[in-house]
Amino acid sequence: MSTAAKPNLIGLDPVKLTALLESMGEKPYRARQLMRWVHRRGVLDFDAMTDIGKSFRERLARETALAPPEIVSRHDADDGCVKWIIRTASGSAVEAVYIPEGGRGTLCVSSQAGCILDCSFCATGKQGFDSNLTTAEIIGQIWHARRELDSFEDGAGPPVTNVVFMGMGEPLLNFDNVMDAVDLMLSDYAYGLSKRRVTISTAGVLPGLERMRGRTDVALAVSLHAPNDELRNELVPLNKKYPIAELLEAAGEYMSDLGESRDPLIEYTLIRGVNDHRKHARELAALLEDFPCKVNLIPFNEFNEVSYRRPSASSIGNFRKILQDAGLVVTVRTTRADGIAAACGQLTGAVRDQTRRRERMLRRGESGASSSGLIHSERGDSRQTARPRGTAR
Ligand code: SF4
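All of these numbers come straight from a predicted model, not from anything done at the bench. (Residues numbered from 1 in each chain as written. Predicted model: local features only at pLDDT ≥ 70, side-chain atom pairs only at ≥ 80, totals over all residues.)

Caption draft 1: View of the overall build of the protein chain. Secondary structure summary: the protein chain contains 12 helices and 13 strands in total. Across the 393 residues that make up the protein chain, the buried fraction comes to 48%. If you take every contact in the protein chain between residues at least 6 apart in sequence, the share linking residues at least 24 apart comes to 70%. (Helix = DSSP H or I, 4+ residues; strand = E, 2+ residues; numbered from the N terminus. Buried ≥ 20, exposed ≤ 12 C-beta atoms within 10 Å, placed from the backbone. Contact = placed C-beta atoms within 7 Å.)

Caption draft 2: Geometry of the environment of Pro227. Along the chain, Pro227 turns up in the loop between β9 (219-223) and α8 (229-235). For Pro227, a count of 21 C-beta atoms within 10 Å puts it in the buried group. Among all residues touching Pro227, those that are not within four sequence positions of it are His280, Glu283, Leu284 and Leu287.

Caption draft 3: Spatial organisation of the nonpolar core. Ranked by internal contacts, the top residues of the largest apolar core, which has 107 residues, are Leu107, Ile142, Met185 and Ala251. Composition of this core by domain shows at least three residues from each of domain 1 (3-63) and domain 2 (70-388). Filtering out sequence-adjacent residues up to four positions away, Ile142 remains in contact with Leu107, Val109, Val160, Val163, Met185 and Tyr191. (Core = buried A, V, L, I, M, F, W, Y, C linked by C-beta atoms within 7 Å. Domains from an automatic or database assignment.)

Caption draft 4: Representation of the pairing of strand β2 (residues 82-87) within the structure. Among the six residues in β2, five count as buried, and that is most of the element. For strand β1 (residues 70-76) and β2, the ladder comprises six bridges, and the chain directions are antiparallel. Among the inter-strand pairings, Ile71 is bridged to a residue of β2, identified as Ile86. Between β1 and the antiparallel strand that follows it, β2, lie five residues; Gly80 among them carries a positive phi value of about 95°. Summarising the sheet, β2 and strand β3 (residues 93-101) pair through six bridges and their orientation is antiparallel. Within β3, the residue paired with Ile85 across the bridge is Glu95. Here β2 folds back onto β3, and the loop between the two strands holds five residues, one of which, Gly91, carries a positive phi near 100°. (Pairing = 2+ DSSP bridges.)

Caption draft 5: Quick peek at unusual backbone geometry. For Asp150, which is not glycine, the phi dihedral falls at a positive 60°. Looking at the secondary structure, you find Asp150 in the loop between α5 (135-148) and β7 (162-165). With 12 C-beta atoms counted inside 10 Å, the residue Asp150 sits in the exposed group. Although it is not a glycine, His225 sits at a positive phi angle of roughly 70°. Mapped onto the secondary structure, His225 falls in the loop between β9 and α8.

Caption draft 6: The arrangement of the environment of Asp217 in detail. Position of Asp217 relative to the elements: it lies in the loop between α7 (206-212) and β9. In this structure Asp217 comes out as buried when scored by C-beta crowding, with 20 C-beta atoms within 10 Å. Spatially, the C-alpha atom of Asp217 lies 6.5 Å from that of Lys195, the residues being 22 residues apart in sequence. Residues in contact with Asp217, not counting those within four places in the same chain, are Lys195 and Leu258.

Caption draft 7: Summary view of helix α2 (residues 29-40). Over its 12 residues, α2 extends 16 Å from the first C-alpha to the last, a length consistent with the 16 Å expected when each residue adds 1.5 Å. Listed as buried for α2 are Arg30, Ala31, Leu34, Met35, Trp37, Val38 and His39. All buried residues of α2 fall inside an arc of 165° around its axis, so they share one side. Lining the buried residues of α2 we find α1 (14-23), α5 and α6 (175-186). Phi for Gly42, located one or two positions after α2, is positive at around 75°. (Expected span 1.5 Å × (residues − 1). Arc of directions from axis to C-beta.)

Caption draft 8: Representation of α6. Over its 12 residues, α6 runs 16 Å from end to end, which matches the ideal 16 Å to within 8%, given 1.5 Å per residue. Counted residue by residue, α6 has nine buried out of 12 residues, so it is predominantly covered. For α6, every residue scored as buried is listed here: Asn177, Val178, Met179, Asp180, Ala181, Val182, Leu184, Met185 and Leu186. Looking at the buried residues of α6, the elements they touch are α2, β6 (129-132), α5, β7 and β8 (198-202).

Caption draft 9: Quick look at the packing of α5 against α6. Between α5 and α6, whose axes approach to 8 Å, the crossing angle comes to 35°. Regarding α5 and α6, the two cross each other, and that crossing is right-handed. Packed against α5, whose contacting residues are Thr135, Ile138, Ile139 and Ile142, the element α6 presents Asn177, Val178, Asp180, Ala181, Leu184 and Met185 at the interface. Each residue belonging to the contact of α5 with α6 can be placed in one class, and the counts come to seven nonpolar, two polar and one charged. (Axes fitted to C-alpha atoms, helices over the stretch in contact; angles between N-to-C directions. Left-handed = near helix turned anticlockwise from the far one by under 90°. Nonpolar A, V, L, I, M, F, W, Y, C, P; charged D, E, K, R; others polar.)

Caption draft 10: The confidence of the model for the protein chain, seen in detail. With 88% of its residues at a pLDDT of 70 or more, the protein chain shows a mean pLDDT of 89. A low-confidence stretch, residues 367-393 (pLDDT under 50), is modelled with 52 contacts involving residues beyond four sequence positions or located in other chains. (pLDDT = per-residue confidence, 0-100.)

Structural data, given as structure tokens:
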């Protein structure tokens, strides 16, 4: 069997791993043993898996692979956040960001190299689109984070307690691979995360939202960003296909299927002079009046390719107060990891853009950025304080 044809066990969800091992004549418990070694203990060397018989370990080594994606570099921020640049098999680079907070540690993972949806305020969208990440490339982000942080079983490092699909890409456009990775995140034999602590964030891919019903019961975040269709059509072009009313209805149906009192998160990026007026806050409050949810306001994080600006602190405060006075539960996202260009909406990686979007932007003179393909954090942004460790392996 050639190396290229070997199944990569790190990217097999519990059902697929069990099926593969059964096809090799093994009992289902072998899959649980393997998952514990790989995902709970971080072991990739079959020889070290001492509760698996020697002859089967040798067969696994011959016929399968355990290959997480490669880390290109690591960047540590002063506030404890860490960003990893991870190379994909397609030749792009994507980003994963760890954000510690109290006893919690949230890992923001990418699901695609680039994004086809091209939201007007999003750094990832400006990179164009290359490819869907494989399950191994998605789960590899949490595997690497736990290894780098020394937080595998028996490790003394900070835990990864939460995973949010808020990195590069639209997770519901890579549905099957994302769901297989989610299954591993929830499995007690792998990462054992609570379903309430894994969040899929979507810009509103309705067919994907419908497929989520009955397939998973993890938390849901909806990237809304505007209180009406006219404005949302500008900020999130996907809205022209799936307008707000249909999106909220589909999100509500997913949540009500869960049969528990769980509310989706509504994400709203506040952009100065665009969607941060008092009238927008009042309109948003009216829109969400009968829609149980929590609202997360995200002050826009500025980057080179767009002229949007972050609102003032007073304007953010006014917006928040109007929503709270209307009875909504509102949080304002604190900017973290700004010094390593890992704040929300800043993730860019280095995408082998198949859409030529970036090229078209440059031709039209819309971008002040070079097309050199350098990662965002290495573009000489004056705010950078990253300390790349160069952990390429
Ligand atoms: S905000 Fe999300 S869906 Fe929109 S372009 Fe960026 S990554 Fe894609």
